[in-house]
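# Breakdown of the fold
Chain residues, written in single-letter form:
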Amino acid sequence: MTREYLFAGFGGQGLLFSGKVLAYKGLIEEKNVSWLPSYGPEMRGGTANCSVIISDEPVGAPIISHPDVLVAMNLPSLDKFEAAVKPGGTILVDSSLIERKVARDDVSVYYVPATKIAGENGFSTLANMILMGKLLDVFGEYDVEMVHQALGKCVSARHADLLELNLKAMEIGRDYAE
Amino acid sequence: MAGKVLMKGNEAIAEAAILAGCRHYFGYPITPQTEIAAYMAKRMPKIGGTFLQAESEIAAINMVYGVSSTGKRVMTSSSSPGISLKSEGISYLAGADLPALVVNCQRGGPGLGGIQPSQSDYFQATRGGGHGDYHMIVLAPASVQEMAELTIRGFELADEYRMTTMILADGTIGQMMEPVSFDFEFKAMPEKPWATTGTQGKREHNVVNSLYLSPEVLEIKNIERYEKYAQIAEKEALAEEYMTEDAEIIIAAFGIASRVAKNAVNAARAEGIKVGLIRPITLWPFPEKYFKNCLATAKEIISVELSMGQMIEDVRLATECKVPVSLCKRVGGMIPSPEEVYAAIKAAAERIGE
């Protein structure tokens, strides 16, 4: 099985980090993975996105034309990529930043006011991880041990305190029900 | 995961270079390869090595010349416009028969161009780039794992043949992360009796130089160098073949283009189209034999490139134009989608009546 993820939003929202956590989780589970960021000036405050492929087969092109999963953290990203999602795919929307609904009816959509929830919990920069928790839960892939290990690979030892916060954010996302 | 780590292609090059014994890096920042310099800046001071951000690309390549003259493993890296600046120094390295590793993480051109991936420096790399009759060994990684492997191989080849090896990557392979293992076997670095390491009063002075004012001597130097190149072409040309055994259509693609092409080959095979892929790993020497051999079954070849069509000329030369060679391309930082390559395969299949 191959699943292609596109994380899209503003630079600074931690989308590249989300993708890295997911890719590490895939690696720990001995899958084939690739992680490809958008790079360049757009990272400085403009739109940023990150493509992650997790597969049982060797990964071919790391570039994704039609994602199975879109995580949209701003309106331009939803506008740009909504149509590209595969029929039957999944879209996660940060509904505190995107007011409109997804227009398509052939995809599963989850609305999570992640940025608002993150602010209420005192970690306004971890909306990305709230969405990540929800994303893993949607696919029944929220394995606490795996999540912990994957995060451990992505958070450096001197920021160990952030690991707990990231975990907490992911748990809130996992447990969030609309 | 067996000792694998997730790393960007650029970082994998830097780590592999350090493992290969490179302790001297000179560079100047440019997107999309700056992670190599950043990694070296962090690591070299901790392992007794030298990281130096030079005042320009030209200064950096000449520092490479200096260190290489002393027999040490040394490298520089840049992206397309920076490589043009380094080309004078690369020609001097060739003229002085000095080993070095140069990384070109290509971006769209010409001029300042853009910062998105490209393969449009193929001619520059495979024909030498600078002035004079010379070649570099040019290696084309298609994965983060190969960024590491070919960096180590690149240093070995450079030392063995006393010439520059170029890693011809692109922005995508440089920026993407994939699992990579550094579980390599390393060959011992060969003796370098030509290096300028001090005579200790025991031998004649070694001279490293690219200036030969006598045309008779310079002619011999050039001819000898080309005899070496002929040996390299015989021994070192390398490609990966994918589903080529019965292939009536052959895709020629290297680096990131080959990965897109592989998706398209799989899709077309699923429909019963007999298509395969030849992925040159060495661009110079060009793996001509693989292309000659494919003519046993091939009726058309499609060269998939992130350029206006550069490698296609080598494919035509290798196959002596015995079958039509068409081009499937995107340029300027764009990458062909698997669907576009698939469409090119379908069109070729119709042309050959499959």
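Sequence order as written defines the numbering, with residues in each chain counted from 1. Here chains are named by letter from A upward and ligands by number from 1 upward, in the order in which they appear as written. Totals for whole chains, interfaces and linings use all residues, but because this is a predicted model, local features are given only for residues with pLDDT of at least 70 and pairs of side-chain atoms are given and counted only at 80 or more. Hydrogens and waters are ignored; side-chain quantities use all the structure's heavy atoms.

## Looking at the interface of chain B and chain A
What counts is decided by this rule: Residue contacts are counted whenever heavy atoms from the two residues lie within 4.5 Å of one another. Accessible-area loss on putting two parts together, using a 1.4 Å probe and summing over both, is the definition of buried area adopted here. We define a salt bridge as a side-chain nitrogen of Lys or Arg found within 4 Å of a carboxyl oxygen belonging to Asp or Glu. Each polar contact in these results corresponds to two N or O atoms within 3.5 Å; when the atoms are within protein, one needs to be able to donate a hydrogen and the other to accept it, and residues that are neighboring in sequence are counted only if both atoms are side-chain atoms. Helix numbering and strand numbering both begin at the N terminus, where a helix is a DSSP run of H or I of at least 4 residues and a strand a DSSP run of E of at least 2. Any residue that is not Ala, Val, Leu, Ile, Met, Phe, Trp, Tyr, Cys, Pro, Asp, Glu, Lys or Arg is counted as polar, Gly included; the first ten are nonpolar and the last four charged.
Taken together, the 25 residues of chain B in the interface contact 22 residues of chain A. With both chains or domains summed, chain B and chain A bury close to 1900 Å², and 69% of this area falls on carbon and sulfur atoms. Put simply, chain B and chain A have zero salt bridges between them. If you look at where chain B meets chain A, you find six residue pairs in polar contact (both at pLDDT 80 or more). Contributions of two or more residues to the side of chain B that touches chain A are made by strand S1 (5-8), helix H7 (171-175), strand S8 (177-180), helix H9 (255-270) and helix H12 (338-351) of chain B. For the side of chain B that touches chain A, the leading source of residues is H9(B), giving four residues. Of the residues contributing to the side of chain B that touches chain A, the split by class is 13 nonpolar, seven polar and five charged.

## So, the domain arrangement of chain B
Much of the literature gives interface size as the accessible area that the parts lose upon coming together. Residues and elements named next belong to chain B. As a reminder of what qualifies: Residue ranges for the domains trace back to a domain assignment, done automatically or taken from a database.
In terms of domains, chain B is made up of domain 1 (5-187 + 210-236) and domain 2 (239-351). When each unit is reduced to the centre of its C-alpha atoms, the spacing between domain 1 and domain 2 is 26 Å. Facing 33 residues of domain 1, the contacting portion of domain 2 comprises 27 residues. Between domain 1 and domain 2, the buried area comes to about 2400 Å², and carbon and sulfur atoms account for 58% of it. Along the contact surface separating domain 1 from domain 2 lie four salt bridges.

## Some details on the sheet that holds strand S2 (residues 24-27) of chain B
Residues and elements named next belong to chain B. Stated formally: Strand pairing is assigned whenever DSSP identifies at least 2 bridges connecting the two strands. A fitted line through C-alpha atoms represents every axis, and for helices the fit uses only the stretch in contact; the resulting angles, taken between N-to-C directions, go from 0 to 180 degrees.
Reading across from one edge, S3-S2-S4-S5-S7-S6-S12 is the order of the seven strands in this open sheet, with mixed pairing throughout. Taken across any chain shown, the strands that pair with only one partner, and hence form the sheet edges, are strand S3 (50-53) and strand S12 (282-284). Averaged over neighbouring strand pairs, the angle between their axes works out to 20° when direction is ignored. Bridge analysis of strand S5 (residues 100-106) against strand S7 (residues 164-170) gives seven bridges, and the strand direction is parallel. Residue pairing for S7: leucine 101 is matched across the bridge by threonine 165. Strand contacts of helix H6 (residues 144-161): strand S4 (74-78), S5, strand S6 (137-139) and S7, with the helix running at about 160° to S7, the strand carrying the most contacts.

## Topic: the sheet that holds strand S11 (residues 275-280) of chain B
Two orientations exist for strands paired in a sheet by backbone hydrogen bonds: parallel and antiparallel. All names here are of chain B. Ordered in space as S9-S11-S10-S13-S14, the five strands form an open sheet in which the pairing is mixed. Since the sheet does not close on itself, it has two edges, and those belong to strand S9 (239-242) and strand S14 (325-329), each with one partner. Mean inter-strand twist for the sheet, computed between neighbouring axes without regard to direction, equals 20°. The sheet contact formed by strand S13 (residues 300-305) and S14 spans five bridges and is parallel. Counted as the bridge partner of valine 304 is cysteine 328 from S14. Along the sheet, H9 contacts S9, strand S10 (249-252), S11 and S13; its crossing angle with S11, the most-contacted strand, is approximately 165°.

## Comments concerning the side chain of B:Asp314
All names here are of chain B. Structurally, the position occupied by aspartate 314 is in helix H11 (residues 311-319). Within the structure, the side chain of aspartate 314 is placed 2.4 Å from the side chain of tyrosine 122, a separation counted as a polar contact. Excluding residues that lie within four positions of it along the chain, aspartate 314 makes contacts with Tyr122, Thr126, Arg127 and Phe286.

## Thoughts on the environment of B:Arg330
Residue and element names in this part refer to chain B. The following threshold applies: We call a residue buried when its accessible area falls under 20% of the maximum for its residue type, exposed when it is over 50%, and partly exposed in between, using a 1.4 Å probe and counting protein chains only.
Position of arginine 330 relative to the elements: it lies in the loop between S14 and H12. Using a relative accessible area of 27% as the deciding quantity, one classes arginine 330 as partly exposed. Separated by 24 residues in sequence, arginine 330 and leucine 306 place their C-alpha atoms 5.2 Å apart. In this structure, arginine 330 is in contact with Glu305, Leu306, Ser307, Ile335, Pro336 and Glu340, ignoring residues within four places of it in sequence. Side-chain polar atoms of arginine 330 contact the side chain of glutamate 340, separated by 3.2 Å.

## Observations regarding the side chain of A:Ser34
The residue A:Ser34 is located in strand S2 (residues 32-37) in this model. Judged by relative accessible area, A:Ser34 falls into the buried class, the value being 0%. Contact partners of A:Ser34, with chain neighbours within four places excluded, come to A:Ser51, A:Val52, A:Ile53, A:Val59, A:Pro62, B:Met176, B:Met177 and B:Glu178.

## Looking at the packing of aromatic side chains
Given two aromatic rings, one states the distance between the centres and the angle between the planes to describe the pair. We apply this condition: Note on aromatic contacts: the rings of Phe and Tyr and the six-membered ring of Trp form a pair at centre separations within 6.5 Å, being stacked when their planes are under 30 degrees apart, edge-to-face when over 60 apart, and tilted otherwise. We call a charge positioned above a ring when the Lys NZ or Arg CZ atom is no farther than 6 Å from the ring centre and deviates by at most 35 degrees from the ring normal.
Within the structure shown, the criterion is met by nine aromatic pairs over all chains. Ring geometry for B:Tyr122 versus B:Phe123: centroids 6.4 Å apart, planes at 65°, classification edge-to-face. Residue classification places B:Tyr122 among the buried positions, given a relative accessible area of 0%. Between the aromatic rings of B:Phe286 and B:Phe291, the centroid separation amounts to 5.3 Å while the plane-to-plane angle is 15°, which identifies the pairing as stacked. For the pair formed by B:Phe286 and B:Phe291, the shared burial category is buried. Linked through ring pairs, B:Tyr122, B:Phe123 and B:Phe254 together constitute an aromatic cluster. Between A:Arg3 and the ring centre of A:Phe139, over which it is positioned, the NZ or CZ distance is 3.7 Å. It is A:Lys101 that lies over the ring of A:Tyr111; its NZ or CZ is 4.0 Å from the centre.

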